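Descriptive analysis of the structure
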Amino acid sequence: MKNSRREFIVQSSLGAGALLAAPLVAQANPGVSFSQSLVGDTLKVALIGCGGRGTGAIIQALSTKENIQLVAMADAFKDRLDDCYKSVMNSRAKDTSAKAVPVNQKVNVPEDHKFVGFDAYKQAMALADVVILTTPPGFRPYHFEEAVRLGKQIFMEKPVATDPAGIQRVLAAAKIAKEKKLNVVVGLQRHYQNSYRDLMKRVQDGQIGDVVSASCWWNNDGVWVKPRKDGQTEMEYQMRNWYYFNWICGDHITEQHIHNIDVINWAKNGYPVRARGTGGREVRKGKDYGEIFDHHIVEFEYADGTILNSQCRHIPGTWTKVDEHLIGTKGKVLFDSAKILDLKGNVNYAFDKKTKENNPYQTEHDELWATVAAGEYKFADAENGAYSTMTSILGRMATYSGQIIEWDKAINSGINIAPSRFAWDADMPLKPDANGLYPVAVPGKTKYF
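Rules of the game
Residues numbered from 1 in each chain as written. Predicted model: local features only at pLDDT ≥ 70, side-chain atom pairs only at ≥ 80, totals over all residues. Heavy atoms only, no water. Helix = DSSP H or I, 4+ residues; strand = E, 2+ residues; numbered from the N terminus. Buried < 20%, exposed > 50% of the residue type's maximum accessible area, 1.4 Å probe, protein only. Contact = heavy atoms within 4.5 Å. Areas by Shrake-Rupley, 256 points an atom, 1.4 Å probe, with all protein chains shown as cover. pLDDT = per-residue confidence, 0-100. Axes fitted to C-alpha atoms, helices over the stretch in contact; angles between N-to-C directions. Parallel < 35°, antiparallel > 145°, perpendicular 65-115°, else oblique. Left-handed = near helix turned anticlockwise from the far one by under 90°. Nonpolar A, V, L, I, M, F, W, Y, C, P; charged D, E, K, R; others polar. Salt bridge = Lys/Arg side-chain N within 4 Å of Asp/Glu carboxyl O. Phe/Tyr/Trp six-rings, centres within 6.5 Å; stacked < 30°, edge-to-face > 60°. Lys NZ or Arg CZ within 6 Å of the ring centre and 35° of its normal.

Here the focus is the overall build of the protein. From N to C terminus, the protein includes 14 helices and 17 strands. Here the protein holds 449 residues, and the buried ones make up 56% of them. Across the protein, every contact between residues at least 6 apart in sequence was considered, and the portion connecting residues at least 24 apart equals 76%. Summed over its atoms, the accessible surface of the protein is roughly 18700 Å², and 50% of this surface lies on carbon and sulfur atoms.

Here it is, written out as C-alpha cells:
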C-alpha cells in the first residue's frame with residue numbers, strides 16, 4: 001500500500017531500513033500536460049546552485065507532470081541566482097499536444113526565499129521537500145550531507161566530490177540516505193538513457209560474452225574561460241573560474257570524463273583496483289587556466305585483469321570523440337552508435353535511436369519526481385556516483401604523479417584539497433605566483449604517498 005506524499009517525506013526524514021531497487025525501465029518522455037488536474041500535496045523543491053547546469057536541472061524538474069513547486073533558490077553569487085530565476089521564469093516546456101507552455105506557474109520564490117552566500121544552501125533546504133544540488137562539485141559532499149541530515153529527497157549532479165576525503169563523506173551520507181529511504185538520483189544520465197539501458201542489459205545477459213577490454217573517450221575543444229576582474233579576492237576568482245581548480249572542479253577527467261568511465265564501471269559491475277597513465281598541459285597554458293591538465297590518458301585495471309583505456313582531451317583543432325566501447329569474448333558494443341558487433345565487425349544488433357531514444361536529462365527527473373510523488377523509494381545512486389567519481393580521481397592522481405596508484409590506498413588516503421574554510425577572504429591552498437601562474441603537477445615529481 002502506497003503512502004501519501006507527505007507521510008512518505010516525513011517517514012523518510014525519520015529513517016527506516018535500507019532498500020535498494022533495480023532501475024525503472026525508461027520510456028520515451030511523452031510530454032508534459034500542465035492543464036491536467038494534479039491531486040495531493042504540492043512537493044516543494046529548492047535549487048542549490050544556480051549556474052548553467054542548475055538552470056537546466058530545475059527547468060527539467062518543473063517540466064515533469066508532477067505537482068511540484070520551486071520555493072527556494074541558493075547560490076554563492078547573487079547575479080547567478082538572478083540570471084537563473086529570469087531564465088526559469090521565461091522558460092517553456094511542451095505539453096501532451098506539443099504546445100510550448102510556460103513553467104513559471106510552478107515557481108513561487110519570493111525575494112526572501114532567494115539566499116546568497118556560502119551558507120545559503122542551509123536556508124533554502126529547510127523550506128523544501130526535495131533538493132537539487134548543482135553547484136560546482138567541490139561543494140557537493142557538504143551539501144549532500146546536509147540534505148541527508150534533513151531527510152530530503154535528492155537530485156545531485158555528478159561528480160559528487162573532488163578528492164578522497166570528499167568521497168568518504170559522500171559514502172557515509174549515502175549509507176544514512178539508504179537507512180532513511182531517501183531517493184537519490186545522480187546526474188550520470190546514461191543510466192537513464194534508453195539506448196544505454198537496452199545495450200547494458202544485453203551485455204549483462206551475456207550477448208558479447210565476458211568483457212575483456214574497454215575504451216572510452218571525452219575528447220573535444222574545451223570549455224569557457226573567465227578572466228580575473230579587478231577587486232576579486234582569490235576565493236571569488238577561483239569560484240568564478242571554477243573549472244580550472246581541482247578543489248572545486250576535479251579537472252576535466254572528473255568533471256566530464258566521469259560519464260564515460262562510469263559506463264565501463266557499469267558494464268563491469270565493479271571499479272578498478274589501480275590506475276596508471278600520463279597527462280599534461282600541451283596547449284592550455286598560462287594564468288587563465290589554473291592548475292588543470294589539458295589531456296589525460298589512463299589505463300584502469302580491474303580485479304579480473306580487464307583494462308580500460310581512457311582518454312580525455314581539451315585541445316582545439318584535434319579530433320573529437322565522446323563514446324564508450326566494450327570488447328567481449330563474443331562481440332563488441334559501440335555505445336554512441338548503439339550497436340553490437342560480432343568479432344569480425346558485422347552488426348548483430350542496432351538499437352533504433354531514431355524512434356526509441358529519449359532525453360535522459362529529462363527522464364532522470366521524470367522518474368525521480370514520479371517516484372517521490374507516489375510515496376515510493378526506488379533510487380539509491382549516491383554510492384555508485386561516489387565510486388565512479390573516485391575512479392576519475394584515481395586517474396587524475398595517476399596522470400599527475402606518473403605513478404601506479406592503487407585504489408585502496410587512494411580512497412582511504414584522507415587527501416583533502418579543499419580550503420580550510422569557505423569565505424571570500426579565505427587563505428586559499430593554491431595561489432598564483434608573482435606572474436599570475438599557479439603551481440601545476442609535474443609527473444615524476446608530484447607525490448601522493
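After that view of the structure, there is still more to cover.
Attention shifts here to the confidence of the model for the protein. Mean pLDDT over the protein: 92, with 90% of residues reaching 70 or higher. Confidence drops under pLDDT 50 across residues 15-39; counting only partners more than four residues distant or on other chains, this segment forms 66 contacts.

So, on to the packing of helix α2 (residues 52-62) against helix α12 (residues 360-373). Orientation of α2 relative to α12, taken along the N-to-C sense of each, is 50°, at an axis distance of 9 Å. Judged on the interaxial angle alone, α12 and α2 are oblique. Regarding α2 and α12, the two cross each other, and that crossing is right-handed. Contacts from Arg 53, Ala 57, Gln 60 and Ala 61 of α2 reach α12 at Tyr 361, Gln 362, His 365 and Trp 369. When the residues that make up the contact of α2 with α12 are grouped by side-chain class, the tally is four nonpolar, three polar and one charged.

Looking now at the pattern of salt bridges. Applying the stated rule across the entire model yields 24 salt bridges. As a salt-bridge pair, Lys 78 and Asp 82 come within 2.7 Å of each other at their nearest N and O atoms. Taken together, the residues Lys 78 and Asp 82, both in helix α3 (residues 78-89) and four residues apart, mark about one turn of the helix. Asp 82 gets classed as partly exposed once you look at its relative accessible area, which sits at 29%. A salt bridge links Arg 276 to Glu 301, with the nearest nitrogen and oxygen atoms 3.1 Å apart. Taken together, the positions of Arg 276 in strand β10 (residues 274-280) and Glu 301 in strand β11 (residues 295-301) put the pair 25 residues apart, joining distant regions of the chain. Of the residues examined, Arg 276 reaches a relative accessible area of 25% and is grouped as partly exposed. You can call Glu 301 buried: its relative accessible area is 18%.

Taken as a whole and judged by the stated rule, the model has 22 aromatic pairs. Measuring from ring centre to ring centre gives 6.2 Å for Trp 224 and Tyr 244, while their planes differ by 85°; the resulting arrangement is edge-to-face. Of this pair, Trp 224 sits in the loop between β9 (211-220) and α8 (234-240) while Tyr 244 sits in the loop between α8 and α9 (252-255), and the two are 20 residues apart along the sequence. Tyr 244 gets classed as buried once you look at its relative accessible area, which sits at 0%. Put simply, the rings of Phe 77, Phe 118, Phe 139, Tyr 142, Trp 247, Phe 422 and Trp 424 pair up and form one aromatic cluster. In this structure, Lys 226 is placed above the aromatic ring of Trp 224, and the distance from its NZ or CZ to the ring centre is 4.9 Å.

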